[in-house]
Structure formats: C-alpha cells, structure tokens
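Now for the letters of each chain:
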Amino acid sequence: AQSVSQHNHHVILSEAASLELGCNYSYGGTVNLFWYVQYPGQHLQLLLKYFSGDPLVKGIKGFEAEFIKSKFSFNLRKPSVQWSDTAEYFCAVNHLSGGSYIPTFGRGTSLIVHP
Amino acid sequence: GAGVSQSPRYKVAKRGQDVALRCDPISGHVSLFWYQQALGQGPEFLTYFQNEAQLDKSGLPSDRFFAERPEGSVSTLKIQRTQQEDSAVYLCASSPTEQSGSFGPGTRLLVL
C-alpha cells in the first residue's frame with residue numbers, strides 16, 4: 001500500500017542542537033512533497049513544499065528539506081533549533097490519482113526543545 | 001485576511017446521532033479538502049472538492065459519511081448514525097490550486 005513514513009515519533013533536543021526528521025514515501029509516480037508544523041494549540045501550517053526544480057527547499061523559520069528521488073525521501077532539517085520550535089511536524093505527499101492530487105500524511109513527529 | 005474557519009469547534013454526540021460539520025474556506029479558494037485526524041496520528045484524507053464538484057471521495061470510511069459543497073464555497077461534512085470510532089478531529093483545508101493548502105482549526109468530535 002502507498003504510505004508516508006516518519007521514522008521518529010518523538011524527538012527531544014536541547015536548544016542550538018541540529019535537527020533532522022526523516023520522511024520516506026512509497027509512491028512511484030508524480031509526487032509533490034510538504035512539511036507542515038502544528039504548534040501547541042494552533043492549527044497546521046505549511047513549513048515548506050517541493051514541486052520541482054532544486055531538490056533543496058528552504059522554508060520558513062530556518063527550516064529546509066532535501067528531496068532525494070532515489071531514496072524516496074524528503075527529510076526536514078534545521079541547523080540550530082530554538083525552544084519555540086517545539087511542535088508536531090508532519091510530512092505529506094500529494095500523489096496523482098484519477099486526475100486529482102490526493103494527499104497522504106505521515107503520523108507525525110513530536111519535537112520537544114529544552115531551553 | 002481571514003483564514004479557514006470551522007464550526008463547531010467541539011461537538012459531543014451520542015452514539016447513533018447525526019452530526020454536521022461546517023467549513024468556511026478562504027474566499028476564492030477553488031479546492032477544499034476534508035481530513036480525519038485520530039489521536040496521535042496524522043490527518044487522513046477523506047474527500048476533495050474543486051468548486052462544487054466532489055472529485056474524489058475515496059477516503060470516506062463508510063456510507064455514513066457524506067460531504068457537500070453546493071455553491072462552491074462553504075462545505076458540510078455529515079456523519080450519520082455516529083459510532084465511537086468516529087471520534088476524531090475533522091480538519092478542513094482550502095487552496096487556490098489543486099494542492100492541499102491552508103488548514104482550519106478543526107472540529108473535535110467525541111461520540112459517547
């Protein structure tokens with residue numbers, strides 16, 4: 001079955017540590033890739049997206065993600081996290097099905113950053 | 001500007017009761033998506049509208065779930081004869097393109 005896997009369900013870091021959250025998908029066709037963030041008490045917000053072009057995508061708040069087609073991966077990175085990055089992070093893949101882009105989300109990674 | 005709004009924000013229903021959840025998308029957004037998010041999981045796609053046309057409903061879990069967007073703006077997700085397994089957060093997202101975009105705050109449904 002088609003799926004999106006986020007390998008780390010819970011990540012705990014100290015401020016200034018580097019972050020990398022893994023995301024792998026199993027679709028073989030055309031895909032568009034997204035990372036969303038959900039801060040405590042808030043709704044889902046788009047961090048960054050990849051449709052085509054440069055596989056290294058820069059998003060808001062210093063986040064970036066790299067699309068590696070051969071590995072079916074779209075990992076999220078940030079060189080130095082802050083306490084305010086504490087949130088739930090979701091990887092999502094839109095794949096073409098019957099002429100429509102159908103979104104599939106990973107189960108999410110909970111990130112806690114200690115001050 | 002105004003974002004996606006959903007109402008009610010919280011709904012408690014007795015098992016067997018019908019519920020209706022409303023989504024007001026961002027004005028002018030042609031695409032509208034509904035998702036179901038269970039506790040500790042990511043959002044799961046339910047259905048997708050482009051204007052008033054429901055282009056995909058493959059994610060609706062049963063025929064008790066029905067969605068409509070009759071005038072291409074506001075959408076309603078209806079769940080008939082609710083069951084305990086329907087308890088979840090129901091999310092709506094709208095977009096000016098065919099890709100999923102801005103999310104609303106969700107409706108938290110609890111079926112007792």
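The present account deals with the structure reproduced in this document. The model shown is predicted, which means the values in this text are computed figures rather than measured ones.

Residues and elements named next belong to chain B. A sheet is described by the order of its strands in space; here four strands give the open sequence S1-S3-S8-S7, paired in antiparallel fashion. Of all strands in the sheet, those bounded by a partner on one side alone are strand S1 (5–7) and strand S7 (65–68). Within this sheet the neighbouring strands show an average axis-to-axis angle of 15°, counted without direction. With four bridges joining them, S7 and strand S8 (residues 75–79) adopt antiparallel strand pairing. Residue pairing in the sheet places Glu-68 in a bridge with Thr-76 of S8.

In the structure shown here, the tally under the stated rule is seven salt bridges over all chains. Taking the shortest distance from any N to any O, the salt bridge between A:Lys58 and A:Glu64 comes out at 2.9 Å. The salt bridge partner of B:Arg64 is B:Asp86, with a shortest N-O separation of 2.7 Å. Placement of the pair is B:Arg64 in the loop between strand S6 (53–56) and S7 and B:Asp86 in the loop between S8 and strand S9 (88–95), with a sequence separation of 22 residues.

This next bit is on the packing of aromatic side chains. Under the criterion given, the structure shown has 13 aromatic pairs over all chains. Relative to B:Phe103, the ring of A:Tyr36 has its centre 5.3 Å away and its plane inclined at 85°; by these criteria the two rings are edge-to-face. Residue A:Tyr36 is located in strand S5 (residues 31–38), and its partner B:Phe103 is located in strand S10 (residues 102–103); the two belong to separate chains. On the basis of relative accessible area, A:Tyr36 is assigned to the buried category, the value being 1%. In this structure an aromatic cluster arises from ring pairing among A:Phe34, A:Tyr36, A:Phe51, A:Phe105, B:Phe33, B:Tyr35, B:Tyr48 and B:Phe103.

The omega angle of the peptide bond from B:Ser7 to B:Pro8 is -10°, so this bond is cis rather than trans. Note that B:Pro8 resides in the loop between S1 and strand S2 (10–13). Unlike most non-glycine residues, A:Ala16 shows phi in positive territory, near 80°. Along the chain, A:Ala16 turns up in the loop between strand S2 (10–14) and strand S3 (19–21). On the basis of relative accessible area, A:Ala16 is assigned to the exposed category, the value being 52%. One non-glycine residue, A:Phe72, adopts positive backbone phi at about 50°. Structurally, the position occupied by A:Phe72 is in the loop between strand S8 (64–68) and strand S9 (73–78). For A:Phe72, a relative accessible area of 36% puts it in the partly exposed group.

Take the interface of chain A and chain B next. Contacts between the two partners involve 17 residues from chain A, matched on the other side by 19 residues from chain B. Together, the buried faces of chain A and chain B total about 1,400 Å²; carbon and sulfur atoms form 56% of this surface. On the surface where chain A and chain B come into contact, there are zero residue pairs in polar contact (both at pLDDT 80 or more). Listing elements by their share of the side of chain A that touches chain B, those giving two or more residues are S5, strand S10 (87–97) and strand S11 (100–105) of chain A. In terms of residue count, the dominant contributor to the side of chain A that touches chain B is S11(A) (five residues).

Take the pairing of strand S6 (residues 45–50) of chain A next. Each regular strand carries side chains that alternate between the two faces of the sheet. All names here are of chain A. Across five bridges, S5 lies against S6 in antiparallel orientation. The residue bridging Trp-35 from the neighbouring strand is Leu-48, located in S6. Between S5 and S6, which pair antiparallel and follow one another directly, the connecting turn spans six residues, one of which, Gly-41, has a positive phi of 80°.

Looking now at the state of the cysteines. Across all of its chains, the model carries two disulfides over all chains by this definition. Shown here is the disulfide that connects A:Cys23 with A:Cys91, its sulfur atoms set 1.9 Å apart. Disulfide A:Cys23-A:Cys91: torsion about the S-S bond near -65°, hence left-handed. Residue A:Cys23 is found in the loop between S3 and strand S4 (24–25), and its partner A:Cys91 is found in strand S10; the two are separated by 68 residues along the sequence. Its relative accessible area of 0% is what places A:Cys91 among the buried residues. One disulfide in the model links B:Cys23 with B:Cys92; its S-S distance is 1.9 Å. Between B:Cys23 and B:Cys92, the S-S dihedral sits near -65°, and the bridge is therefore left-handed.

Rules behind the numbers
- Residues numbered from 1 in each chain as written.
- Chains lettered and ligands numbered in written order.
- Predicted model: local features only at pLDDT ≥ 70, side-chain atom pairs only at ≥ 80, totals over all residues.
- Heavy atoms only, no water.
- Pairing = 2+ DSSP bridges.
- Helix = DSSP H or I, 4+ residues; strand = E, 2+ residues; numbered from the N terminus.
- Axes fitted to C-alpha atoms, helices over the stretch in contact; angles between N-to-C directions.
- Salt bridge = Lys/Arg side-chain N within 4 Å of Asp/Glu carboxyl O.
- Phe/Tyr/Trp six-rings, centres within 6.5 Å; stacked < 30°, edge-to-face > 60°.
- Buried < 20%, exposed > 50% of the residue type's maximum accessible area, 1.4 Å probe, protein only.
- Contact = heavy atoms within 4.5 Å.
- Buried area = accessible area lost by both parts, 1.4 Å probe.
- Polar contact = N/O pair within 3.5 Å; in protein donor to acceptor, adjacent residues only side chain to side chain.
- Disulfide = S-S within 2.5 Å.

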